[in-house]
Each structure stands twice: as structure tokens, then as C-alpha cells.
Amino acid sequence: MLKVDFIEKTIGELFYFKKGTNKINKKIIDNNKGDFPVYSGSTENNGLMGYIDYFDYNGHYSRIITVGNAGETTELEGKFSLAQNNGVLIPKNTEIEKYISFKYLKYIFNIILPKLAKGADTGNKQRSLTNELLLNANFCIPVDKEGKFNLEEQEKIAEKYRVLEEKKEILK
């Protein structure tokens, strides 16, 4: 087995974080029915609240829950909007998909970000993840011999995590 080299980065070195808005709620969705999904910070149904007739984002993003199941990360692609208690990572470099796998990020962030969340899921206090905690979070990413991000290795690692999750579900 070949040795894979990694480099440590902070999320904030590569991404901005944009939170969802409290301007979108069930009433707004009901009054503006359409084809574009709206995601909240819920984990139920992957956070899908409903469909609206406009969108705020169009592209490929990592969506991160900031309240409740704080730190849980999913991958979103296409046109959508965000309600409160979640946000998306916006690449600082528009070419990022050429060298970073969003599947890899999802698995890695699901390991590190929930551990950074503050608070407890008891009573009225929910776990939360601030912008500062999120953007300062360190993670490791595979690099090639020249020190450039290795997309192929990221995809291989993401596939191993996918298979592992599949086997965990079978065991349940």
C-alpha cells in the first residue's frame, strides 16, 4: 500500500461560511411554492423544509448544521435556499472542485466539527457551532508529491468511508 501524504489546513483558509436566514419559514414556503428546495438545520429528511419559487445558491456546496446536531455536514448541489440553523461553505477559489472532493470534506467534517460544537442537548440549551469555531477548524487533506491537493486520493478515502457507513447500516 502506498503512503499518502497530508497537509493540514483550516476551513477558513479555503472557504467562507454563509449562514442561512430566518427570513424563510414554513409560511413563506407555503406562500411561495416552487421547485427549489429550502434546507433548515434539521437532520430529518436531510433538512429539507419544502420547495420555494426562488433560490439563493446555485452550485456545489458543503452544508453544515450550526444548531442542534451542530457540525453535521452534507453535500448539496444545484439551486436551493437555506433557512436558519445551517449554512454553506463558499469556496474562496472558484476552481476548488478541480482539486477538492466535497464527498471527502463531508466525511472528514462529520468527524471533526461535531466535536467542536459547544453546549449540550439537554433542556433548552442546544449544541451550537459558531462561525469562528468552524472557520478555525483544522483538517487534513491528501497531497501529491508536489504538495498539491490530491483529488484522486480524496475520492478513494471518501469511497472507503461510504462503504464503512453502508456496512454500519447493515449491522444496525
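In what follows, the structure referred to is the one given above.
Since this is a predicted model, take the numbers as computed values, not measurements.

Rules used in this analysis
Residues numbered from 1 in each chain as written. Predicted model: local features only at pLDDT ≥ 70, side-chain atom pairs only at ≥ 80, totals over all residues. Heavy atoms only, no water. Helix = DSSP H or I, 4+ residues; strand = E, 2+ residues; numbered from the N terminus. Buried < 20%, exposed > 50% of the residue type's maximum accessible area, 1.4 Å probe, protein only. Contact = heavy atoms within 4.5 Å. Salt bridge = Lys/Arg side-chain N within 4 Å of Asp/Glu carboxyl O.

What follows deals with the environment of Ile170. By the secondary structure assignment, Ile170 is in helix H5 (residues 151–171). Taking the C-alpha atoms as reference, Ile170 lies 31 Å from Lys118; in sequence the two are 52 residues apart.

Counting through the fold element by element, Thr66 comes out in the loop between strand S5 (57–65) and strand S6 (73–82). Assessed through its relative accessible area of 4%, Thr66 is described here as buried. Among residues more than four places away in sequence, those in contact with Thr66 are Phe17, Lys19, Asn85, Asn86, Arg127, Ser128 and Leu129.

Applying the stated criterion across every chain, the model contains nine salt bridges. In this structure, the salt-bridge partner of Glu153 is Lys156, at a minimum N-O distance of 3.6 Å. Residue Glu153 and its partner Lys156 are located together in helix H5, separated by three residues, close to a single helical turn. Owing to a relative accessible area of 19%, Glu153 belongs among the buried residues under this scheme. A salt bridge links Arg162 to Glu166, with the shortest nitrogen-to-oxygen separation between them at 2.8 Å. Of the two residues, Arg162 and Glu166 are both situated in helix H5; the distance of four residues between them amounts to about one turn of the helix. Arg162 sits in the partly exposed class, given a relative accessible area of 34%. Assessed through its relative accessible area of 43%, Glu166 is described here as partly exposed. Because the salt bridges share partners, they merge into one network encompassing Glu152, Glu153 and Lys156.

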